[in-house]
Amino acid sequence: MSTKNELNHFRILLGVVILGLCSSCVSITGLTDGYDKLSSANKEHVCYLRELSASGAKSSDAIYLVSAAELKKIIERSDKRYQIVYEYNPNCPSEVCVPVSTFVSLCKKYDAEPILLARYLDNALFDLRVDEVPFYGIDHKMYKPRAVYKYVPLYLTDLTGREMKDDGSGNLFVFDEGSFVTRTDVNGIDHWFESVSSDR
């Protein structure tokens, strides 16, 4: 009996050691806001939109952290009838997580304003500049939790005015003249625009 217990203790100890070694080699992203994992150079390019001067001057190599209320104002001030917010996940392997350039092309197809919103900060975001489209990041400080899966639904609920869950039901949020109308993804966006055009 004692040999069996010793073997179980050995297995547990071995598991803890392996887990410790793996965690020192592997960096898991997307669990928190990601700021602490940015390089020093990239940290200098993260700013709060509310801290910009009255001129609103923006840099093409910055990521602007915005509250849901601030992003809603940006959406409402758009010159386009439609605005599409892409909730961008830097390390998403799914087919609905398309490259930024594909998203921008999709917006051009429907004459919609492209709005890029990063779920969390990642060094890879700083290499994704496309056509002078600013990159926004979720200002999670408005919410208590730092865990992405907790603050993202709260933020999206505030942005859209509807209860949102972080359940993979779509990473594109379509607004019509500033009012939220639907949540979809790249597989459903064409169908949505087709149904809207047929209703006219």
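Residues numbered from 1 in each chain as written. Predicted model: local features only at pLDDT ≥ 70, side-chain atom pairs only at ≥ 80, totals over all residues. Heavy atoms only, no water.

A. Spatial organisation of the pattern of salt bridges. According to the stated counting rule, one finds six salt bridges in the structure shown. Among the salt bridges present, the one from Arg81 reaches Asp176, with a minimum N-O distance of 2.9 Å. Placement of Arg81 in the loop between α3 (68-76) and β3 (82-88) and of Asp176 in strand β6 (residues 172-176) is noted, with a sequence separation of 95 residues between them. The class of Asp176 is buried, set by a relative accessible area of 18%. Between Glu87 and Arg119 there is a salt bridge; the shortest N-O distance is 2.4 Å. A residue pair is termed long-range when its members are at least 10 positions apart, and Glu87 in strand β3 and Arg119 in the loop between β4 (112-118) and β5 (135-138) qualify at 32 residues. Relative accessible area serves as the criterion here: at 11%, Arg119 is assigned to the buried category. Connected through salt bridges with shared partners, the residues Glu87, Arg119 and Asp166 form a single ionic network. (Salt bridge = Lys/Arg side-chain N within 4 Å of Asp/Glu carboxyl O. Helix = DSSP H or I, 4+ residues; strand = E, 2+ residues; numbered from the N terminus. Buried < 20%, exposed > 50% of the residue type's maximum accessible area, 1.4 Å probe, protein only.)

B. Summary view of the side chain of Arg119. Among the polar contacts made by the side chain of Arg119, one reaches the side chain of Asp166 at a distance of 2.9 Å. Excluding its chain neighbours within four sequence positions, the residues that come into contact with Arg119 are Glu87, Tyr88, Asn89, Ile138, Val148, Tyr151, Val152 and Asp166. (Polar contact = N/O pair within 3.5 Å; in protein donor to acceptor, adjacent residues only side chain to side chain. Contact = heavy atoms within 4.5 Å.)

C. Quick peek at the sheet that holds strand β2 (residues 63-66). The strand order β1-β2-β5-β4-β3-β6-β7 describes an open sheet built from seven strands, whose pairing is mixed. At either margin of the open sheet sits one strand with a lone partner, and together these are β1 (46-48) and β7 (179-184). Strand-to-strand twist in this sheet, taken as the mean axis angle between neighbours without regard to direction, amounts to 30 degrees. Judged from the five bridges that link them, β6 and β7 form a sheet pairing that is antiparallel. Among the inter-strand pairings, Asp176 is bridged to a residue of β7, identified as Ser179. Packed on one face of the sheet, α3 meets β2, β3, β4, β5, β6 and β7 and runs near 110 degrees to β2. In the packing of helix α4 (residues 100-109) onto the sheet, the strands contacted are β3, β4, β5 and β6, and the crossing angle to β4 comes to about 155 degrees. (Pairing = 2+ DSSP bridges. Axes fitted to C-alpha atoms, helices over the stretch in contact; angles between N-to-C directions.)

D. Quick peek at helix α5 (residues 148-160). Taking 1.5 Å of rise per residue, the 13 residues of α5 would be expected to cover 18 Å, and the 18 Å separating its terminal C-alpha atoms lies within 8% of that figure. Regarding α5, the residues found buried are Val148, Tyr151, Val152, Pro153, Tyr155, Leu156, Leu159 and Thr160. Just downstream of α5 lies Gly161, where phi reads positive at about 80 degrees. (Expected span 1.5 Å × (residues − 1).)

E. Seen up close, the pairing of β3. With seven of seven residues buried, β3 lies mostly within the body of the structure. The alternating pattern of β3 places Tyr82, Ile84, Tyr86 and Tyr88 and Gln83, Val85 and Glu87 on opposite faces, both of which are buried. Inspection of the sheet shows β3 paired to β4 by seven bridges, in the parallel sense. Bridging across to β4, Glu87 finds its partner in Leu117. This β-α-β element, β3 to α4 to β4, shows right-handed connectivity. Where β3 and β6 come together, five bridges link them in antiparallel fashion. Note that in β6 the partner of Val85 across the bridge is Phe173. (Right-handed = clockwise from strand over helix to strand, strands pointing away.)

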